[in-house]
Amino acid sequence: MDNFFPADAEDEFEMLHAAEMEMMKEMENEAASSQMQDGPCVFNGSSQSTVQSSASGRVSPVPIDPFAVLSQPNASVLPNGSLLENRSAKRRLILDDEDTSGSDSITDWAEKSTYNSRNNKRRKPLLPIVRGLVDQTHTNSHSSSADPDIAIIKRIVRHRERLLQQALIDKGAVGSNAIINKPRDIRSCTIHFRLPEGGFQAVTSNDGDRIYLSLDEDEDFLKAGQRLTLARCPENSSSHIKQLLQVPFSQLKEAAQAELHRQAERVVRSTELNQTTSELDAQEQEEDVDDESSLWTEVYKPTHYLHLLSDEMTNRSVLHWIKLWDKFVFGKEKKPRKPNEQAAVKRENWRENKFGKSQYRQPILLPNLNEELEADGRPVQKLLLLCGAPGLGKTTLAHIIARHAGYRPVELNASDDRSVDAFRSSIENATSMRSVLDVDKRPNCLIIDEIDGAPAPSIKLLVNLISGKGLGGNAPSKKGTKQKIFILQRPVIAICNDPFVTALRPLKPLALVVTFPPTLSTKLAQRLQEICNERGLSTDLTALLTLAHKTRNDIRSCLALLQFVKSKRGALKLSDIEGAAVGQKDYQQSLFSVWNNIFSIPRPAKARHVNPHNLPSPTTDRRVSNSTLADSSTTLCSTATTSTTSTIVTLSDRYREVLQSAMSCSEYEKILQGWFENYPTCKFKHTHLEPVTAGLDWACFLDMLRTEIQKSQSWMLQGFLPHVFVSLHLNFASHQRPKITFPVQHTEQTAVQQRTETLITSLLNHMNPSSRVFAAAPLLLMDVLPYLSTILQPNFRPINTQLYSSKEKAELLSVIDTMIAYNLTYTQERSKEGQYSFVMEPNIEEVVRLNSNVNHRQLSYIARQLVAREVEMEKVRRSELYFSQQQQEKKLFSERNSIQTAIDKSVDKPSPLVKNPCDALPGDNSMVCSEESSARSDKKSLFQKNKSLCANIPSKSTPGDDVAKDDASEIISSQGSNDDESVPNHLRKLVAKPLLKLPETKMPRDFFGRVMQSSLSQQNKATNDIVKSTVWFRFKEGYSNAVRRSVKMKDLV
Amino acid sequence: MSLWIDKYRPKELSKLDYHTEQAQHLKQLVDGGDFPHLLVTGPSGAGKKTRVVALLRQLYGPGTEKLRIEHQSVLTASKKKLEISTVASNYHLEVNPSDVGIHDRVVVQELIKTLASSHQLDTVGQRDFKVVVIVEADKLTKDAQHGLRRTMEKYMSTCRIILCANSTSKVIPAIRSRCLVVRVPAPTNEQIVSILQNICKKESLNLPIQLAEKIAVKSRRNLRRAILMCEACKVESYPFSSTQEVSLPDWEVFLRTTANMIVSEQSPNRLFEVRGRLYELLSHCVPTNAIFQGLLRELIQNVDGELKAEVTRLAAYHEHRLNLGSKAIYHLEAFVASFMALYKKFLEENMADMF
């Protein structure tokens, strides 16, 4: 910047300090951005020239306003090469002219920096003044903005002073012009004609031009100042340009970075040093720690489809199923099946060629995979249910295949909350949303692990979702707006161990059920071998095969065992595995497998390994055969030992196996039932049914034990139960494959028994209590009912009952009486064939008749109809009788009321205090009370009462009419009062009631009790009125046809 | 009321047909004004209940005949509500606690306590106690029986208990000692014959003595059954003939054929068939002890004399075990199987002897 300022000494300076100049340029390159503040200074000395040169600029060239001058290079003149060249040339001319006044102006500048007003007035384009002006405008603008800036500005001014002095000496400025200007760009603009971005200060010139000074560039300004002051320090020794910075800034920066790096390295090295010293002691442990930090099951988890150990067909089916979703999820059309098949065929052909096995053709996919798609592109089977034993890799498979098919697996397992609400929300989240924050934007695939433990309502929810009924439970939508049914949009894979869980039942028909076959032992052993090799665990394939077999191909437990062995010993031997407690875990077995175990002798497995030590010696066999066991089992054992090439299934092995399987199932009751219903169809050797008696004895034992356990809650006895099945196995096992059916007989029997019981209780509950007393349920069942069904069906002639002889009538009456007493009747029912028949209700036939071939006499349809009708009639008749009786009583009551005044009140009304029917009082009142209370409590007792009242007229009562009861009791009591009081109640007899005296005609009395004589005329008038009118009526209480009118035939005709 | 068993049931102690001496004793007992707790035992159809009812009538008068069925609910310890129906008059309450199975203890405690803890208001012209009749007392669980025994003592002043049981063997000694045991033996055949003839006379029917005897034998001294059989015979064919067929209840016929099946063949297949029939019987609610008895009766008739004791032992053994267990079918089949094994062995040995 200073370079082009002193024009006179330029050349010589340039020649003197060529090298320094170079450095200077570089430095300024670095600090380019900070130098724009000094921009105005650069053009200080060439205000005129700039005005001329910027004729093309936007600023009006006429007024040489210092502000305008200042703004020109910033606002319009961009660092343009040619322009700069031009400008610098002109400036040099000017500078040349005014060279002499240069030194003066410098001093002047410092002095005049404070005289703002004076400077502003001077419009002379004199260089020093202009320069000063420029600086003052700066200070002016800044001081107006903030006071602390003044200090900085002063510093800058001071610095510039110095630079100016230096520049006077240094003449090589011209060449560097371009370099200085180059880094300038639009960003570095401080003064704008338009509103700048960021903070700014508006300044108005004398002419009214408004310019804007950006504020945020103060910082840069400041930085520049700082750097310059910094640079001054090394310059102290000499006034040379070298003093600004000896090393280029970039180099310094690099060096600093390098230094920082070095320091960091030093720190790291020191810590590393510490570590290595400790590491040296226990390097091995260190390695092991690394291993233990991650389980082998995690480390050796397959990551690709091809790594999967599970059955190929299963894998492929699952993959195929998930690909069926492609059309819906990704919108991809499924590739036509043809090429696939062709490829498959090709592959087959290739295999044929290779192995020469033409007949060997595996089905590629599971048969139950439904490839159809629904209209919306979703597969018919929207859910995949993977079931299989634990540790086979179901979860792994699901995850890998989901990822393989381009989904993001979202797992939901037993550790998550699986209540209905939580389940719903998680399903919704997983199937209808996609992760936004994650890196992979793939659609979700919901994997519901351990679904067999989920509560049934949750599974029902899933079923609803799949079958398109929606998730339900959403907020009730407003009326009119149709609620959008939530449909399943993503594949769902459910995983379970036991597919026979009751809760899963509704799910199974909707899902593609893939039963996970156990991994091949050889495949598993191979993989284990690889892992062992990698880990440096010395072992052999035989041991691994045994391990795989023992754990039932549970990959997880195999790996866990291997890791355990590695951490403890380092070598795995066959003997270790046989002794290890692996594979004895809680292994759920289905009922059928337990039954199979009981009924079949395990076939000796093909020898995978021949270990001479493991072969049972003949002596042990002899011991076995000599042992006091059932014949069948011993003979079978001895036959088994004859084959030397196979491992022999010893008795103890069988014992252990059956015991374990029974224990693992633990539904002993059910197992026993299964045995009980299946043993007659199984072949077993017997001469005198010994196995059967022994087996049943054991069954009884188990039954007793279970009863005892439940009664006394002594669960310690539970341990004895599974041993029963070992005995059953030893008695009934054979080499034949048993055909096992699920036991149903017992449940069927209990159902029928319950039905019978309810029939009998219903019968008992509605029986006449007097017959009920003598008929307890078992008596009724065993003695009464069988005969009752016969007795109730005498030979009725199918004619009108009016034509019956008196004997027949009596017979019918007795039948009807009995039926009513036992609450039996015939009801019409329609059979399946559409025929109507009368069935006894409750159907005692069903209870009584056993499944025998004897044909029982049955009443004909007509006879039954007759009986049914008569029963109903009799019921009606009885109730009618009751009502008429009641009415009679009412009449008596009204009559007695009229007598009441005349008769002495010898009888008290029943005391309302006596409520308890059991608390009977002595004497008349007790009778009354008992009568009343019994009547109130039960209608039946009224029957008894009526019986006593009106010679043996049975009646069907309606629930309590208190008035009737009252008066009846009163009658009795009034009559009873005549009896001897001393006779105890229970010894009294009911005597027929004497006829009531006709009530005296009641005379109307006036207020004073005198008999009133009604006037004859009144009476006459009344009779006349009645006689005169053609319509007359009489009110009959209790009848609806109260109004009567005589209608003659001729009126009608 | 028109079944003969109901119609001609004696209602008073003085009108009983047999055991008149015992009836006299009972009458004296009651006339004394008080009586202890009673335990009435005897086989089915001997007239226990008839005597109890007559006794109550003797005690309280005809008011005991006014009966009503009440449904009461009892709350168990585990807050389970039990419904039990009782038959009651103003003077007594009849209850069958074994209706509610294992919860009978609660019933015994609650019902009797509520009934017995209330005193009679006026004891001048009235007995100062009420009577609780517990039927099928031998089916009470041990718990219930133990619960009963203190109740019997504590509420002696307000309550008498009459227990009805078929056999005293299942009633604990503590209760037996607190009761006056009244044994009602089954009527003899002659008694049954005379009763039947009396009834027929009242019905103005002519019953041949041979038929009456036949019925008496077939009924196995069960008077209820005898009368029912007689009525059934009358319905089937009247006038009676002395050679008339007397029908047995279906389940007994069924049991008999089952027993014959067992005797005729001993094999697992036959066992399977028998099982089906046993299931049939069980599903018709035929009590297991009746099945055991019926089978044993029929089997014993068919086997050789030297086996009889052993077969009886087997039946007793298995019935006992059945009472300890809960699933009847295993025990029944175990009995059948063990009989088959025994019988088959016996047959084969005899065959060997013959040759």
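Criteria and thresholds
- Residues numbered from 1 in each chain as written.
- Chains lettered and ligands numbered in written order.
- Predicted model: local features only at pLDDT ≥ 70, side-chain atom pairs only at ≥ 80, totals over all residues.
- Heavy atoms only, no water.
- Helix = DSSP H or I, 4+ residues; strand = E, 2+ residues; numbered from the N terminus.
- Buried < 20%, exposed > 50% of the residue type's maximum accessible area, 1.4 Å probe, protein only.
- Contact = heavy atoms within 4.5 Å.
- Areas by Shrake-Rupley, 256 points an atom, 1.4 Å probe, with all protein chains shown as cover.
- Patch = residues over 30% accessible without salt bridge, like charges linked within 9 Å, V, L, I, M, F, W, Y side chains within 5 Å.
- Salt bridge = Lys/Arg side-chain N within 4 Å of Asp/Glu carboxyl O.
- Lys, Arg positive; Asp, Glu negative; His and termini not counted.
- Charge placed at Lys NZ, Arg CZ, Asp CG, Glu CD.
- Phe/Tyr/Trp six-rings, centres within 6.5 Å; stacked < 30°, edge-to-face > 60°.
- Lys NZ or Arg CZ within 6 Å of the ring centre and 35° of its normal.
- Buried area = accessible area lost by both parts, 1.4 Å probe.
- Polar contact = N/O pair within 3.5 Å; in protein donor to acceptor, adjacent residues only side chain to side chain.
- Nonpolar A, V, L, I, M, F, W, Y, C, P; charged D, E, K, R; others polar.
- Axes fitted to C-alpha atoms, helices over the stretch in contact; angles between N-to-C directions.
- Parallel < 35°, antiparallel > 145°, perpendicular 65-115°, else oblique.
- Pairing = 2+ DSSP bridges.
- Expected span 1.5 Å × (residues − 1).

Draft legend 1. Geometry of the overall build of chain A. A count of helices and strands for chain A gives 43 helices and 10 strands. For chain A, with 1053 residues in total, the buried portion stands at 42%. The contacts in chain A between residues at least 6 apart in sequence include a share of 71% that link residues at least 24 apart. Total accessible area on chain A is roughly 59,100 Å²; 55% of this is exposed by carbon and sulfur atoms.

Draft legend 2. Structural context of the overall build of chain B. Within chain B, the secondary structure is distributed over 14 helices and seven strands. Taken over 355 residues, chain B has a buried fraction of 57%. Once local pairs closer than 6 in sequence are excluded, the contacts in chain B between residues at least 24 apart make up 70%. Summing over all exposed atoms, chain B offers an accessible surface of approximately 14,800 Å²; the carbon and sulfur share of this is 51%.

Draft legend 3. Representation of a negative patch on the surface in the model. A cluster of like negative charges, contributed by Asp 304, Glu 306, Glu 348, Glu 349 and Asp 353 of chain B, occupies part of the molecular surface. If you tally residues by element for the negative patch, the top one is helix 14 (residues 328-354) of chain B, at three residues.

Draft legend 4. Examining the packing of aromatic side chains more closely. This structure, assessed with the given rule, holds 18 aromatic pairs over all chains. With a centroid separation of 4.8 Å and 10° between ring planes, the pair formed by Tyr 60 of chain B and Tyr 91 of chain B is classed as stacked. With Tyr 60 of chain B in helix 3 (residues 48-60) and Tyr 91 of chain B in the loop between strand 3 (81-88) and strand 4 (92-95), this residue pair connects regions lying 31 residues apart in the sequence. In this structure Tyr 60 of chain B comes out as buried when scored by relative accessible area, which is 1%. Chaining the aromatic ring pairs together yields one cluster made of Trp 675, Phe 676, Tyr 679 and Phe 732 of chain A together with Tyr 330 of chain B. A cation sits over an aromatic face here: Arg 160 of chain B above Phe 129 of chain B, 4.3 Å from the ring centre. Positioned over the ring face of Phe 676 of chain A is Arg 275 of chain B, at 3.7 Å from the centre of the ring.

Draft legend 5. Quick peek at the interface of chain A and chain B. Counting from both sides, the interface comprises 87 residues of chain A and, opposite them, 87 residues of chain B. Carbon and sulfur atoms supply 61% of the area buried between chain A and chain B, which totals about 7,800 Å² over both sides. Looking only at chain A, the three residues that lose the most surface to chain B are Phe 774, Tyr 787 and Leu 850 of chain A, adding up to 10% of its buried area. The closest approach of N and O atoms between Glu 669 of chain A and Lys 327 of chain B, which form a salt bridge, is 2.4 Å. For the pair chain A and chain B, the interface holds 18 residue pairs in polar contact (both at pLDDT 80 or more). Broken down by element, the residue count for the side of chain A that touches chain B peaks at 11 residues, all from helix 35 (residues 777-791) of chain A. Looking at the side of chain A that touches chain B residue by residue, the class counts come to 41 nonpolar, 29 polar and 17 charged.

Draft legend 6. Molecular detail of the packing of helix 12 (residues 288-302) of chain B against helix 13 (residues 305-324) of chain B. All names here are of chain B. Where helix 12 contacts helix 13, the axes come no closer than 10 Å and their chain directions differ by 170°. Of the possible angle classes, the one that applies to helix 12 and helix 13 is roughly antiparallel. Contacts between helix 12 and helix 13 pair Thr 288, Asn 289, Phe 292, Leu 296 and Ile 300 from the former with Lys 308, Val 311, Thr 312, Ala 315, His 318, Glu 319 and Leu 322 from the latter. Along the lines of polarity and charge, the residues of the contact of helix 12 with helix 13 split into six nonpolar, four polar and two charged.

Draft legend 7. Spatial organisation of unusual backbone geometry. Residue and element names in this part refer to chain B. One non-glycine residue, Lys 79, lies in the positive phi region at around 60°. One can find Lys 79 in the loop between strand 2 (68-75) and strand 3. Exposure remark for Lys 79: the relative accessible area of 66% places this residue in the exposed category.

Draft legend 8. Inspection of the sheet that holds strand 4 (residues 383-387) of chain A at higher detail. All names here are of chain A. The strand order 5-6-7-4-8 describes an open sheet built from five strands, whose pairing is parallel. In this open sheet, the two strands that pair with only one neighbour each are strand 5 (408-412) and strand 8 (511-515). Strand-to-strand twist in this sheet, taken as the mean axis angle between neighbours without regard to direction, amounts to 20°. Each of strand 5, strand 6 (444-448) and strand 7 (492-496) touches helix 20 (residues 420-432); the most contacted strand, strand 6, lies at about 150° to it.

Draft legend 9. Geometry of helix 24 (residues 555-568) of chain A. Here helix 24 of chain A contains 14 residues, and its C-alpha end-to-end distance of 20 Å stays within 8% of the 20 Å for a straight helix at 1.5 Å per residue. Of the positions making up helix 24 of chain A, those classed as buried are Ile 555, Ser 557, Cys 558, Leu 559, Leu 561, Leu 562, Gln 563 and Val 565 of chain A.

Draft legend 10. Here's a closer look at the pairing of strand 8 of chain A. All names here are of chain A. Buried residues dominate strand 8, accounting for four of its five residues. Across five bridges, the pairing between strand 4 and strand 8 is parallel. By the bridge assignment, Leu 385 is partnered in strand 8 with Val 513.

Draft legend 11. Spatial organisation of the pattern of salt bridges. Going through the model one piece at a time under the given rule, you end up with 30 salt bridges over all chains. Between Glu 94 of chain B and Lys 49 of chain B there is a salt bridge, and its shortest N-O distance comes to 2.7 Å. Within this pair, whereas Glu 94 of chain B is found in strand 4, its partner Lys 49 of chain B is found in helix 3, the two being separated by 45 residues in sequence. A single burial state applies to Glu 94 of chain B and to Lys 49 of chain B, both of which are buried. The network of salt bridges with shared partners includes Asp 783 of chain A together with Arg 220, Arg 224, Arg 225 and Glu 252 of chain B.

Draft legend 12. Here's a closer look at the sheet that holds strand 5 (residues 130-134) of chain B. Residue and element names in this part refer to chain B. The strand order across the open sheet formed by seven strands is 2-3-4-5-6-1-7, and the pairing between neighbours is mixed. The sheet is open, and its two edges are formed by strand 2 and strand 7 (180-183), each paired on a single side. The sheet shows a mean angle of 25° between the axes of neighbouring strands, taken without regard to direction. As paired strands, strand 4 and strand 5 are joined by four bridges and run parallel to one another. Of the residues in strand 5, the one forming a bridge with Leu 93 is Val 132.

Draft legend 13. Highlighting a nonpolar patch on the surface. A contiguous nonpolar patch, built from Val 247, Phe 249 and Leu 252 of chain A and spanning about 220 Å² of accessible area, is present on the exposed surface. Turning to its location among the elements, Leu 252 of chain A is positioned in helix 13 (residues 249-281).

Draft legend 14. Fine view of the side chain of Thr 790 of chain A. Its place among the elements puts Thr 790 of chain A in helix 35. Classification of Thr 790 of chain A as buried rests on a relative accessible area of 14%.

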